[in-house]
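What follows is the residue order along each chain.
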Amino acid sequence: MRKLLVLAWLGLASTAALADEGALKRLDTGDDTRLWEGVGRLDIDGEGFCTGALIEPDLVLTAAHCLYNKHTGKAVDISQIQFLAGWRNGRASAYRGVRRAVMHPDYAFSTDVEAHRVKNDIALLELQHPISKSGVVPFRTDERPKKGDQIGVVSYARDRSEAPSLQEVCEVLARQNGVLVMSCDVNYGSSGAPVFSIVDGTPRVVSVVSAMAEVDGEKVALGAHLQTPLENMRQELRATKRLEVQPRKSFFSNGSGRDTGAKFARPKPQSE
């Protein structure tokens, strides 16, 4: 398959300054997080973290690459993953371990970021116990947005690891080979963050953040395809009593500012 992205490893220091931090709102209080308690930090095996979103009381949606360890080439031990719902300033609304996980069946990790990998970069984590706490409400999902649609993102990242940040309005710039190219502000640790559309005042998850990239020198986010494969993954979990996950590599953020492997890239957007 034709490569979608060309890696630009040396762009980290210079491109990080391109983000419009003024577009982000840190969610520090209960009032701030009232709609967003279902977004949480996924702490992974002591190596770092990703972002995840509750879509059923016992199911968390995130990025498939969060289940890989790039240093060892082995699967992450899912018993060492913890979902911290609504994590902010040292406390979470709920803490849950992970019992099982399933990835998109067509996802395959590689250090080459290609369209078919990014668009399939989703995973479901089944929690040890459902979260039934009032206020921690699972999000509905919806079809992916079109070019020009307004969206929003709630995410953790290495420079905002202790509370989630909301970018209330960003935009779908293009849909390229099934990948959403978005103007949303993401950073290391934002992998797996839910991309929202607002329908009748209700946020619905329409994509998952897979990677950071550059378009014409501007920082963008790349989002995975969601709706149809998500339903298939749900059915697989329902039908399987025990599911072993066998990924090979991964990249995380550990909140320290150290480069842990996430990639900048240079896509060439075009409308589908």
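Residues numbered from 1 in each chain as written. Predicted model: local features only at pLDDT ≥ 70, side-chain atom pairs only at ≥ 80, totals over all residues. Heavy atoms only, no water.

*Asks:* I'd like a description of the state of the cysteines, backed by residues and values.
*Replies:* All chains considered together, the criterion is met by two disulfides. Each disulfide pairs two cysteine sulfurs, and for Cys50 the partner residue is Cys66, the sulfurs being separated by 2.1 Å. When the S-S torsion is -100°, as for the bridge of Cys50 with Cys66, the disulfide is left-handed. With Cys50 in strand S3 (residues 48–56) and Cys66 in the loop between strand S4 (59–62) and strand S5 (81–85), the pair connects residues that are 16 residues apart, well separated along the chain. (Disulfide = S-S within 2.5 Å. Helix = DSSP H or I, 4+ residues; strand = E, 2+ residues; numbered from the N terminus.)

*Asks:* Describe the pairing of strand S14 (residues 218–224), listing the residues and the values that go with them.
*Replies:* Across the seven residues that make up S14, a large majority, six, are buried. Two elements, strand S11 (residues 179–182) and S14, share three bridges in a ladder whose sense is antiparallel. Across the sheet, residue Met182 finds its bridge partner in S14, namely Ala221. Sheet analysis places strand S13 (residues 202–215) next to S14, joined by seven bridges and oriented antiparallel. Within S14, the residue paired with Val208 across the bridge is Ala224. (Buried < 20%, exposed > 50% of the residue type's maximum accessible area, 1.4 Å probe, protein only. Pairing = 2+ DSSP bridges.)

*Asks:* Give a description of the pairing of strand S7 (residues 123–127) that names residues and reports values.
*Replies:* The buried fraction of S7 amounts to five of the five residues, a majority that puts the element mostly inside the structure. Across the two faces of S7 the burial is the same, with Ala123, Leu125 and Leu127 and Leu124 and Glu126 all buried. Bridge analysis of S4 against S7 gives four bridges, and the strand direction is antiparallel. The residue of S7 that forms the bridge with Leu61 is Leu124. In this structure, strand S6 (residues 94–103) lies alongside S7, joined through five bridges in antiparallel fashion. Within the sheet, the bridge partner assigned to Val98 lies in S7 and is Leu127.

*Asks:* So what about the sheet that holds S4? Which residues, and what values?
*Replies:* Two orientations exist for strands paired in a sheet by backbone hydrogen bonds: parallel and antiparallel. Here six strands make up a closed barrel; going around it, the order is S2-S3-S4-S7-S6-S5 and the pairing antiparallel. Each adjacent strand pair in this sheet contributes to an overall mean axis angle of 40°, direction not counted. (Axes fitted to C-alpha atoms, helices over the stretch in contact; angles between N-to-C directions.)

*Asks:* Account for the packing of aromatic side chains, with residues named and values stated.
*Replies:* A complete count under the given rule lists four aromatic pairs for this structure. Among the aromatic residues, those joined into a cluster by ring pairs are Trp36, Phe139 and Phe196. Looking at Arg41, its charged tip hangs above the ring of Phe49, at a distance of 5.1 Å from the centre. (Phe/Tyr/Trp six-rings, centres within 6.5 Å; stacked < 30°, edge-to-face > 60°. Lys NZ or Arg CZ within 6 Å of the ring centre and 35° of its normal.)

*Asks:* Give a detailed account of the side chain of Ser197, specifying residues and quantitative values.
*Replies:* With respect to the helices and strands, Ser197 occurs in strand S12 (residues 194–199). For Ser197, a relative accessible area of 14% translates into the label buried. In this structure, Ser197 is in contact with Thr202, Pro203, Arg204 and Val206, ignoring residues within four places of it in sequence. (Contact = heavy atoms within 4.5 Å.)

*Asks:* Describe in detail unusual backbone geometry, supporting the description with residues and values.
*Replies:* One non-glycine residue, Asn89, adopts positive backbone phi at about 50°. Locating Asn89 in the fold gives a position in the loop between S5 and S6. Judged by its relative accessible area of 43%, Asn89 falls in the partly exposed class. Located in the positive-phi region is Asn177, a residue other than glycine, with phi close to 50°. By the secondary structure assignment, Asn177 is in the loop between strand S10 (160–176) and S11. A relative accessible area of 35% means that Asn177 is categorised as partly exposed.

*Asks:* Which residues make up the confidence of the model for the protein chain, and what values go with them?
*Replies:* Mean pLDDT for the protein chain: 79, with 77% of residues reaching 70 or above. The lowest-confidence element of the protein chain is helix H1 (residues 12–15), averaging 24 in pLDDT; the highest-confidence one is S4, averaging 98. Counting interchain partners and residues more than four positions distant, the pLDDT-below-50 stretch residues 1–22 has 51 contacts. Throughout residues 243–272 the model reports pLDDT below 50, and contacts reaching past four residues in sequence, or to other chains, amount to 124 contacts. (pLDDT = per-residue confidence, 0-100.)

*Asks:* Give a detailed account of the environment of Lys146, specifying residues and quantitative values.
*Replies:* Checked against the element boundaries, Lys146 lands in the loop between strand S8 (140–141) and strand S9 (150–157). In this structure Lys146 comes out as exposed when scored by relative accessible area, which is 52%. Separated by 29 residues in sequence, Lys146 and Arg175 place their C-alpha atoms 7.4 Å apart. If we ignore the near neighbours within four places in the chain, the residues touching Lys146 are Val172 and Arg175.

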